[in-house]
Structure formats: C-alpha cells, structure tokens
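Here's the letter readout for the chains.
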Amino acid sequence: MKLTGVELRRISMPLVAPFRTSFGVETTRDILLLRAVLDGSGLDGSGLDGPGLDGQSEGWGECVAMSDPLYSSEYVDASVDVLKRFMLPKLFAASHVDGAAVGPLLEPFKGHWMSKAVIETAVLDAELRATGRSFARELGATRDRVPCGVSVGIHDSVGALLESVEGYVSAGYVRIKLKIEPGWDVEPVRAVRERFGDDLLIQVDANTAYTLQDAQHLAKLDDFGLLLIEQPLPEEDVLGHAQLAKLIKTPVCLDESITSARTAAAAIALGACSIINIKPGRVGGYLEARRIHDVCQAHGIAVWCGGMLETGLGRAANIALAALPGFTLPGDTSASDRYYKTDITEPFVLSPDGQLDVPAGPGLGVTPLPGELAAVTTWTEWVPA
Ligand code: SMG
Ligand code: MG
C-alpha cells in the first residue's frame, strides 16, 4: 500500500461566538485539512477481496494547529511547510505506508506533532475505510455514546459568563470548563458555583498563565470543589506542576506539557498531574493518544479528550477516542453548533442528556459535504508522490 498523493486544503470557519483564552481570542478558525490518496492493492495483506481493497482509497485528517503559535509552537503555515518539505517526501518514498507505519517513518523529524497527526489520521482513515473498520473499533472503544463537556471562554463580565453557562447547561452539557487567567479566576468560578449549585461538574483551564508564585492564590479555588485545574503553569514546567500539586487541593491536569506517552509517564512519575487531557493533535496522532490512555490506565490516572475547536472531521475521531474505557471524565467534545453555524460534515448533535453518538461507519464515519467544504475553502494544493 502506497501513498500516491495528498491534497492540502485550507478552510476558514467563522465561530458562532468569539472564544477567548489566556493567550488570545479566536473568532474564525483557519484550519488545514489533508486528504490522502492511497493505492490500496493488497491493502489488508490477507489476500482476501473486500470492498475497495484493490482500488484507490482516500482518507481525511484535520490539523489542529492554529494561525499563530500561541497555544503551542505549532501554526498552520509551519504545518503546510513541514508536511511539503519533509514529511510527505518521506512517506512518498516508503514502499509501504499504512496508519501504523506513519509514526515510525516520521519519527526522525523532531516535534511538529500536529502535522504528524494530520497525515497519520488521513492514512488511517483511508486504510480503515478500505477495510470496513471504524476508528472506534480500531482504537478499542467500549461505548457507543459519550458524555460531553463544554469549554467556556473568558467573558467581558461575570453576568455575560453566567448567561453563556446557563445556555450550555440547559442544552445538556454535563460538565463546564471555565477558561481562567490572572484577574479572571476566583470570582467567575465562585459565581458559577453559586448560581448552578454543587452538583454541576466544573473545571478550569489556565493555558499556562500562572507561575508557581501564584500557588497561594490558586489555592483559593480549593473552596469550589473543582474537578481539576488544567495546565496552570508553562508547558516546560513539569516540576513546577509537581510542586503546585502539593500546595493546592484541586487535582492538577496537564494539557500542553504532554506531547507523548513518554512525557506522560514522566509527569506521572514526578507527581505533576493526577489527570491528563489527551489531544491527539498535540501528541502526534490517535495511535500515540491511545498509548497515553494505556499508560494512564495502568497508573490509575484519569484521562479525558481535549478539543481544538475542530470541525466534524476532527470531532468524529475525537469522539471515537473518548469512547475508550479509560476516558472516565467528560471531554471538550461539544456538538457542532457550539462552534459553527454550518459544519463541513453532517453536524454532531447533542442529546438532551448531554451525549454524542460515536460514529460507527468505516474510518472516521463522516466525510466533508462537498458544497459546505467548497464554501469555506480558501486554498488547495495537490501534492503528488
Ligand atoms: O474544542 O471545545 C473545544 C475547545 C476546548 O478549551 C479548549 N481548548 O487548552 O484545552 C485547551 C483549549 C485549546 C484551544 S483554545 C483556542
Ligand atoms: Mg487546555
């Protein structure tokens, strides 16, 4: 099975509302999509005929990099560049490419996890489609629907925040994540806790906005019975998180700091976190994401699926991952209408009890709708082998 070509496509997706974090405001998502075309002869190596086994097969991936390197060092232009300049030539030159081969082939290239993830996802989608297997089945999902949380940005006022949270709670979301930063932390959290009561699952995410010197201040959040505090300190400050975890009662969860199963194992050994947010894009793809899940399960560390404001394409794979048994906390896996008026796939719709169905069809189980895709496309390039 050979990779015979790749279409890179950039789309521009206006968000239904601006999303503000400690590092910036997103109003429109600038997203790189990748369509991989594989020559499928002998696809499953079994010698058996099956649907699509002999012809070409194609698959999709969504890159979670943002326009600017503010969440992490990655950004969309860099992703296009590293894919075209290094990763795709390496994969085109390989005599055999399938989902499991992509990671090892790209291993020599340092970092660029989001770029590695998008090509691995597209190749895996092509392979699974051709062999009739779903992402959920392939990854080891044990559920057919998953409970969903929602991530709520920094608002201009506590009143406006309460109104947004009210809308999400009435839509059925089972957990609320509040974005925090210095100056927007204790008061908004107190207000949401008081307004919605002790039963609402609440967690916070600082996106690296604090330092260990803020430990006493962050300990004020202990009063509110939060599920967790996500990535309070800088990405590299794993030791600082271990020290912070001793000074506050709220469980520490890592996001940005975890880029692989190895960094996850080290953070756990150091006592830097008791919970991990798994984002496949941040760790080089769904196969590494599953390895992190396995490491965490072996250590009794709870995991949940993060989000990067994905379209239905990325969401489909995230929901499949979130259906694995170790994902015991609700993820940032919200419905399409939390992000976009019109999604590029059939929309993911939240059930009244706050769940999304796990796609069951071959591969991702969803494909872009041609009309919707064309309407938001700003650039495409076909890269032949
Ligand atoms: O996809 O629902 C979503 C967004 C979840 O808060 C979210 N993601 O640090 O976890 C995080 C942020 C990163 C993206 S912010 C633009
Ligand atoms: Mg986060």
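Structural notes, computed from the coordinates. (Residues numbered from 1 in each chain as written. Chains lettered and ligands numbered in written order. Predicted model: local features only at pLDDT ≥ 70, side-chain atom pairs only at ≥ 80, totals over all residues. Heavy atoms only, no water.)

So, helix α3 (residues 113–131)
Under the 1.5 Å per step criterion, the end-to-end length of α3 is 26 Å for 19 residues, consistent within 8% with the ideal 27 Å. Count one or two residues on from α3 and you reach G132, which has phi positive near 75°. (Helix = DSSP H or I, 4+ residues; strand = E, 2+ residues; numbered from the N terminus. Expected span 1.5 Å × (residues − 1).)

With respect to the coordination of the magnesium ion (ligand 2)
For the magnesium ion (ligand 2), the full set of protein donor atoms is D205 (OD), E230 (OE) and D255 (OD), at a range of 2.1 to 2.3 Å. In terms of primary sequence, the donors binding the magnesium ion (ligand 2) are separated according to D-x24-E-x24-D. Of the two residues, D205 is situated in strand β7 (residues 201–205) and E230 in strand β8 (residues 229–230); the sequence distance between them amounts to 25 residues. On the basis of relative accessibility, which here comes to 1%, the residue D205 falls in the buried class. (Donors = N, O, S within 2.8 Å, 3.2 Å for Na, K, Ca; no water. Buried < 20%, exposed > 50% of the residue type's maximum accessible area, 1.4 Å probe, protein only.)

Some details on the layout of surface pockets
Quantified by volume, the largest pocket comes out at close to 430 Å³. Lining the largest pocket are 17 residues, with G103, E107, W113, K116 and E288 sitting closest to its centre. Elements with a contribution of two residues or more to the lining of the largest pocket: α2 (99–106), α3 and α10 (286–299). By residue class, the composition of the lining of the largest pocket is five nonpolar, five polar and seven charged. (1 Å grid on protein atoms, 1.4 Å probe; cavity = no way out; pocket = protein on both sides within 12 Å on 5 of 7 lines; lining within 4 Å. Points joined across faces, edges and corners; volume = space filled by probe spheres on them. Nonpolar A, V, L, I, M, F, W, Y, C, P; charged D, E, K, R; others polar.)

A short note on the pattern of salt bridges
Counted under the stated rule, the structure contains 23 salt bridges. Residues D205 and K177 are paired through a salt bridge, measuring 3.1 Å at the closest nitrogen-oxygen approach. Here the residue D205 occupies a position in strand β7, and K177 occupies one in strand β6 (residues 175–179), the gap between them amounting to 28 residues. Note that D255 is salt-bridged to R282, the shortest N-O span being 2.6 Å. Of this pair, D255 sits in the loop between β9 (252–254) and α9 (261–270) while R282 sits in the loop between β10 (275–278) and α10, placing them 27 residues apart in sequence. There is no split in this pair, since D255 and R282 are both buried. When salt bridges that share partners are traced, they join R175, K177, K179, D205, E230 and D332 into one network. (Salt bridge = Lys/Arg side-chain N within 4 Å of Asp/Glu carboxyl O.)

Overview of the packing of aromatic side chains
Throughout the structure, instances matching the rule amount to five aromatic pairs. Aromatic side chains F86 and F109 sit 5.8 Å apart centroid to centroid with 50° between the ring planes, which places their arrangement in the tilted category. With F86 in helix α1 (residues 76–93) and F109 in the loop between α2 and α3, this residue pair connects regions lying 23 residues apart in the sequence. A cation sits over an aromatic face here: R175 above W304, 5.1 Å from the ring centre. (Phe/Tyr/Trp six-rings, centres within 6.5 Å; stacked < 30°, edge-to-face > 60°. Lys NZ or Arg CZ within 6 Å of the ring centre and 35° of its normal.)

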